[in-house]
Amino acid sequence: MLMQSQNQVQTKTPAEQEAMRRAGRLAADVLDMISAKVRAGMTTGEIDRICHDYIVDVQLAVPAPLNYKGFPKSICTSVNHVVCHGIPGDKVLKAGDILNIDATVIKDGFHGDASRMFMIGEPSIQARRLCETGFEAMWRGIRTIRPGAHLGDLGHTIQGFVEGHGYSIVREYCGHGIGRVFHEDPQVLHYGEPGTGLVLEAGMTFTVEPMVNAGKRHVKLLGDGWTVVTKDHSLSAQWEHTVLVTPEGFEVLTLGAAERAAA
Ligand code: MF3
Ligand code: CO
Ligand code: CO
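About the criteria used
- Residues numbered from 1 in each chain as written.
- Chains lettered and ligands numbered in written order.
- Predicted model: local features only at pLDDT ≥ 70, side-chain atom pairs only at ≥ 80, totals over all residues.
- Heavy atoms only, no water.
- Donors = N, O, S within 2.8 Å, 3.2 Å for Na, K, Ca; no water.
- Tetrahedral: all angles 85-135°; square planar, octahedral: opposite > 155°, others 65-115°.
- Helix = DSSP H or I, 4+ residues; strand = E, 2+ residues; numbered from the N terminus.
- Buried < 20%, exposed > 50% of the residue type's maximum accessible area, 1.4 Å probe, protein only.
- Salt bridge = Lys/Arg side-chain N within 4 Å of Asp/Glu carboxyl O.
- Near = heavy atom within 4 Å.
- Polar contact = N/O pair within 3.5 Å; in protein donor to acceptor, adjacent residues only side chain to side chain.
- Areas by Shrake-Rupley, 256 points an atom, 1.4 Å probe, with all protein chains shown as cover.
- Nonpolar A, V, L, I, M, F, W, Y, C, P; charged D, E, K, R; others polar.
- Pairing = 2+ DSSP bridges.

Undergrad: Any details on the coordination of the cobalt ion (ligand 3)? Residues and values, ideally.
TA: Within the protein, the atoms that donate to the cobalt ion (ligand 3) are Asp-102 (OD), Asp-102 (OD), Asp-113 (OD) and Glu-240 (OE), at distances of 2.0 to 2.3 Å. Around the cobalt ion (ligand 3), the six donor atoms sit at angles spanning 59 to 166°, and that spread fits a shape best called irregular. Spacing between the donor residues of the cobalt ion (ligand 3) along their common chain follows D-x10-D-x126-E. Separating the cobalt ion (ligand 3) from the cobalt ion (ligand 2) is a gap of 3.3 Å, bridged by Asp-113, which donates to each. One end of the pair, Asp-102, is in strand β4 (residues 98–107); the other, Glu-240, is in the loop between β13 (236–238) and β14 (241–245), and 138 residues separate them in sequence. Classification of Glu-240 as buried rests on a relative accessible area of 2%.

This is the structure:
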C-alpha cells in the first residue's frame, strides 16, 4: 500500500477555502434541485440532462465528470447493485430502486463534490436500512475530523459502524483531497486503524464518501470501463460530502439547504 506522506497534502488559503465553499454549495444545490424531480419512469439520462443544464445554464459552472478521463456524462447515477460511477443512459427508474446521484461542480476553478441516495417509490425495509446506515457511517466518519486526528480514525469509525450492521465497506474506491484538482492527495480510506495515516491540519479539504454493500465488499468493473458493481449483486449505497478541516474540527461544504437551515 502507498503511504500518504504528510507534505504531499496541501492546505487551502482562506481565499481558496471561500472558493471551495462556493463550489460545495453549488454541488449541494444540484442535488437539492434534482431531488424534487426524481421519480419512477424517469431515465438516468434524463436526470443527467436536467443536472447538466442546471449546472451550465443556471449556475454558470462546469460539470466536472464530463470528459473527465473520458467519462461521457455530467453526473454519475448508480442504481441498486451499482456501487459508483454509473453512466446515465436509458435505464428507467422503477418503484423500489435505490439510486445514488453524484454531482461534482467546478466554479472559479474549484471543485465541490457531493452525492446522496434517492429512494424511488417505497423501497424495501432492507434497502432503506442500507441507505440509512451509509448515511450515518458518513457522518460518524466526518465527526472524527479535527486537527491532529488521523485519517485512520475516520476509516476505522466508518468501517466499525458499517460492519457492525452486517454490511461491508468497499476498499477499491475512496474519498480524496479536492480543490483545483478533482482527485488529489490524500486518499481517504473508509476502513483502517485508529492512530494511523495522515495527521489532519486545518485548511485541508477532502471528501468522505463511503460505499456500503449489503453483501460482500468485493466489486467488479463492467466492460464500459466505468460502472462498478457488487460482485455478488447485492445492493450498495453511498453518500458523499466535501469537508474542510477547521481549527475547531470540521466544516461540511456540501450541506443541502435544509441542513444549512438546521445548522
Ligand atoms: N464524483 C466521483 C467522486 O466522488 C468521481 C466521478 S469521476 C467520473 O469522486 F468520471 F466518474 F465522473
Ligand atoms: Co468524490
Ligand atoms: Co462524487
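Undergrad: How would you explain the pattern of salt bridges if you had to name every residue and give the values?
TA: Side chains bearing opposite charge may pair, as long as their charged atoms lie close to each other. If you walk through the whole model with that rule in mind, you get eleven salt bridges. For the salt bridge of Asp-108 with Arg-22, the shortest nitrogen-to-oxygen distance reads 3.9 Å. Of this pair, Asp-108 sits in the loop between β4 and β5 (110–119) while Arg-22 is found in helix α1 (residues 14–35), placing the two residues 86 residues apart along the sequence. Taking relative accessible area as the criterion, Asp-108 reaches 53% and is therefore assigned exposed. For Asp-29, the salt bridge goes to Arg-260, with nearest N and O atoms at 3.7 Å. Here Arg-260 lies in helix α5 (residues 257–262) and Asp-29 lies in helix α1, a separation of 231 residues in the sequence. Given the relative accessible area of 28%, Arg-260 is considered partly exposed. It is possible to trace a salt-bridge network through shared partners that takes in Glu-18, Arg-21 and Glu-251.

Undergrad: Quick rundown of the site of ligand 1? Include the residues and the values.
TA: Lining the immediate surroundings of ligand 1 are 14 residues, of which Asp-102, His-176, His-183, Glu-209 and Glu-240 lie closest. A distance of 3.1 Å is found between a nitrogen atom of ligand 1 and a side-chain nitrogen or oxygen belonging to Asp-102. Summarising the interface, the protein chains cover 97% of the accessible area of ligand 1, which totals 340 Å² for the free molecule. Partitioning the shell around ligand 1 into residue classes produces six nonpolar, four polar and four charged.

Undergrad: Tell me about the sheet that holds strand β10 (residues 211–213), and please be specific about residues and values.
TA: Within the open sheet, the three strands sit side by side as β6-β10-β13. Their pairing is antiparallel. Strands at the two margins of the open sheet, each flanked by one partner only, are β6 (168–169) and β13. Relative to β13, β10 runs antiparallel, the two sharing three bridges. What sits directly across from Val-212, in β13, is Ala-237.

Undergrad: Go over the pairing of β14 with me, naming the residues and quoting the values.
TA: Burial of β14 is extensive: five of the five residues sit out of reach of the surface. The alternating pattern of β14 places His-241, Val-243 and Val-245 and Thr-242 and Leu-244 on opposite faces, both of which are buried. Sheet analysis places strand β9 (residues 205–208) next to β14, joined by four bridges and oriented antiparallel. Its bridge partner being in β14, Val-208 is matched across the sheet by His-241. One ladder, built from three bridges, connects β14 with strand β15 (residues 250–252); its direction is antiparallel. Residue pairing across strands places Leu-244 opposite Glu-251, the latter belonging to β15. Count of turn residues in the β14/β15 antiparallel hairpin: four residues.

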